[in-house]
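Below are the chains, spelled out letter by letter.
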Amino acid sequence: MLESYQRAAFVDGVRLASNENPLGTSPKALAAVRRIADLSRYVDDSYVDIRERLAERHGVLRENVVLGHGSNEIVKLVVQTFVRAGEEAVMAVPSFALFRLAVLEHGGSPIEVPLREGVSDLDAMLAALTPRTRLVLLCDPNNPTGTAVQRADFHAFVERLPPEIVLVVDQAYREYAATDCADATDEVRRRPKTVVLRTMSKIYGLAALRFGYAFADEETVATLERVRLPFNVAATALAGAAAALDDDAFLRRSIACNEAGKSLIYPALAALGLNAYPTQANFYALAVPIAATRAYEDLLGEGIVVRNGDSLRMPGRLRITIGAENENRALLAALSRLLPRWRA
Ligand SMILES: Cc1ncc(COP(=O)(O)O)c(C=O)c1O
């Protein structure tokens, strides 16, 4: 039977499970969605206007942009397009669960390379390549650890990657990362067969709208365009995404909120004697002194929903979203109540 995607528990409480934006949605994007008065016509499926805007923003051409119903759809699109039964796709473990699932769905073999100290091990990933490797899937910053690779290390990795291999870099959380972390979009201009995935679900606060995008060389985009479903991005998503791109103030506030969250959380965790990998995203992987499943259930009992590392192949850790200040404080208070019991 096919493995399936493990969704976060959909229960009431302080929701720190799905790496959503605690500030909500850009008011400009919401207003644009509300202004839609007619949905009777199909959208222009070439999506030229928004592709042009995304291209301009990222220093590529419109022909380098492909859109998806969330970036999840583009992960599946790339795997469906490039991986045949019996072929291999190299990825880190733990990493974004959909990579493995998409490869298995198409009869491919996921070749999973353990992280080194919580970070994608680029040398080991290169060492795992075989003549059957079609794809390398790198999540950076990595979900569920929040860690990222350095810009220089990433460029050195790309230099050594054989040109026939398709490299997918999922940068769903890149906007939160420090400038010395890799920005894979730079590579799109240099290396054909490099596909960089971005999303509006996270920092733009549009998870429920479903708008993802990817950058790649023209030929790769043209190939993906032949496989992509027509009208895969809805009129509502187009309107919201375009308006969100106009709202740099919201983007800046979202980054500031995340930075403030990190400044509150990391010293507080250290004071509690707890450790999390340094994060470059809007979540962190917290090491707990008991089984992750029990820690997860105890936090649920305190009204706080996080992700259980046992279901993310990250035993001994929880994945916790950086929330609004009151949410972060509620989490820290719950941890300090639970810790004596966990350590008993
Ligand atoms: C690494 C990564 N890629 C992609 C996605 C999915 O994004 P989207 O909502 O654009 O499909 C997520 C969502 O959690 C993610 O963590």
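Residues numbered from 1 in each chain as written. Predicted model: local features only at pLDDT ≥ 70, side-chain atom pairs only at ≥ 80, totals over all residues. Heavy atoms only, no water.

### Focus: the overall build of the protein chain
Working step 1: Looking only at helices and strands, one finds 12 helices and 13 strands in the protein chain.
Working step 2: Seen through its C-alpha atoms, the protein chain measures out along the principal axes to roughly 60 × 55 × 40 Å.
Working step 3: Within the protein chain, the fraction of its 344 residues that count as buried is 54%.
Working step 4: Counting contacts in the protein chain only where the partners sit at least 6 residues apart, residues at least 24 apart contribute 74% of the total. (Helix = DSSP H or I, 4+ residues; strand = E, 2+ residues; numbered from the N terminus. Buried < 20%, exposed > 50% of the residue type's maximum accessible area, 1.4 Å probe, protein only. Contact = heavy atoms within 4.5 Å.)

### Quick word on the pairing of strand E2 (residues 65–68)
A regular strand carries its side chains on alternate faces of the sheet.
Working step 1: Along E2, one buried face is formed by Val-65 and Leu-67 and the opposite face, lined by Val-66 and Gly-68, is buried too.
Working step 2: In this structure, E2 lies alongside strand E8 (residues 212–215), joined through 4 bridges in antiparallel fashion. Paired with Val-65 across the two strands is Phe-215, which belongs to E8. (Pairing = 2+ DSSP bridges.)

### Thoughts on the sheet that holds strand E9 (residues 275–276)
Working step 1: The antiparallel open sheet is built from 4 strands, whose spatial order is E9-E10-E13-E12. Only two strands of the sheet have a single neighbouring strand rather than two, namely E9 and strand E12 (307–308).
Working step 2: Contacts between helix H11 (residues 292–301) and the sheet are confined to E12 and strand E13 (317–321), with E13 contributing the most and set at about 40° to the helix. (Axes fitted to C-alpha atoms, helices over the stretch in contact; angles between N-to-C directions.)

### Considerations on the domain arrangement of the protein chain
Working step 1: Partitioning the protein chain into domains gives domain 1 (14–22 + 249–343) and domain 2 (27–245).
Working step 2: One C-alpha centre belongs to domain 1, the other to domain 2, and the line joining them spans 26 Å.
Working step 3: Counting residues at the interface gives 21 residues for domain 1 and 26 residues for domain 2.
Working step 4: Roughly 1,900 Å² of surface becomes buried between domain 1 and domain 2 when both sides are summed, with 61% attributable to carbon and sulfur atoms.
Working step 5: The largest contributions to the domain 1 side of the interface with domain 2 come from Leu-251, Gln-280 and Arg-313, which together make up 33% of the buried area. (Domains from an automatic or database assignment. Buried area = accessible area lost by both parts, 1.4 Å probe.)

### Looking at the packing of aromatic side chains
Working step 1: All chains considered together, the criterion is met by 7 aromatic pairs.
Working step 2: Measuring from ring centre to ring centre gives 5.7 Å for Phe-96 and Phe-99, while their planes differ by 90°; the resulting arrangement is edge-to-face. Considered together, Phe-96 and Phe-99 belong to a single accessibility category, that of buried residues.
Working step 3: Measuring from ring centre to ring centre gives 6.2 Å for Phe-211 and Tyr-213, while their planes differ by 55°; the resulting arrangement is tilted. For the pair formed by Phe-211 and Tyr-213, the shared burial category is buried.
Working step 4: Here the aromatic cluster, defined as three or more aromatic residues joined through ring pairs, consists of Phe-211, Tyr-213 and Phe-215. (Phe/Tyr/Trp six-rings, centres within 6.5 Å; stacked < 30°, edge-to-face > 60°.)

### What to know about the site of the ligand
Working step 1: Around the ligand lies a shell of 13 residues, among which Ser-71, Asp-170, Tyr-173, Thr-199 and Ser-201 are the nearest.
Working step 2: Within the contact set of the ligand, an oxygen atom lies 2.5 Å away from a side-chain nitrogen or oxygen of Thr-199.
Working step 3: In this structure, Lys-202 approaches the ligand through a side-chain N or O atom, which is 2.9 Å from an oxygen atom.
Working step 4: If the ligand stood free it would expose 400 Å²; the protein chains cover 93% of that surface.
Working step 5: Considering only residue class, the shell around the ligand consists of 4 nonpolar, 6 polar and 3 charged. (Near = heavy atom within 4 Å. Polar contact = N/O pair within 3.5 Å; in protein donor to acceptor, adjacent residues only side chain to side chain. Areas by Shrake-Rupley, 256 points an atom, 1.4 Å probe, with all protein chains shown as cover. Nonpolar A, V, L, I, M, F, W, Y, C, P; charged D, E, K, R; others polar.)

### Comments concerning the state of the cysteines
Working step 1: Taken as a whole, this structure holds 0 disulfides when the rule is applied.
Working step 2: With no disulfide of its own, Cys-139 lies 13 Å from the sulfur of Cys-181, the closest cysteine sulfur.
Working step 3: Just so you know, Cys-257 is unpaired, no disulfide at all, and the nearest cysteine sulfur is the one on Cys-181, 19 Å from it.
Working step 4: Accessibility expressed as a relative area gives 19% for Cys-257, which makes it buried. (Disulfide = S-S within 2.5 Å.)

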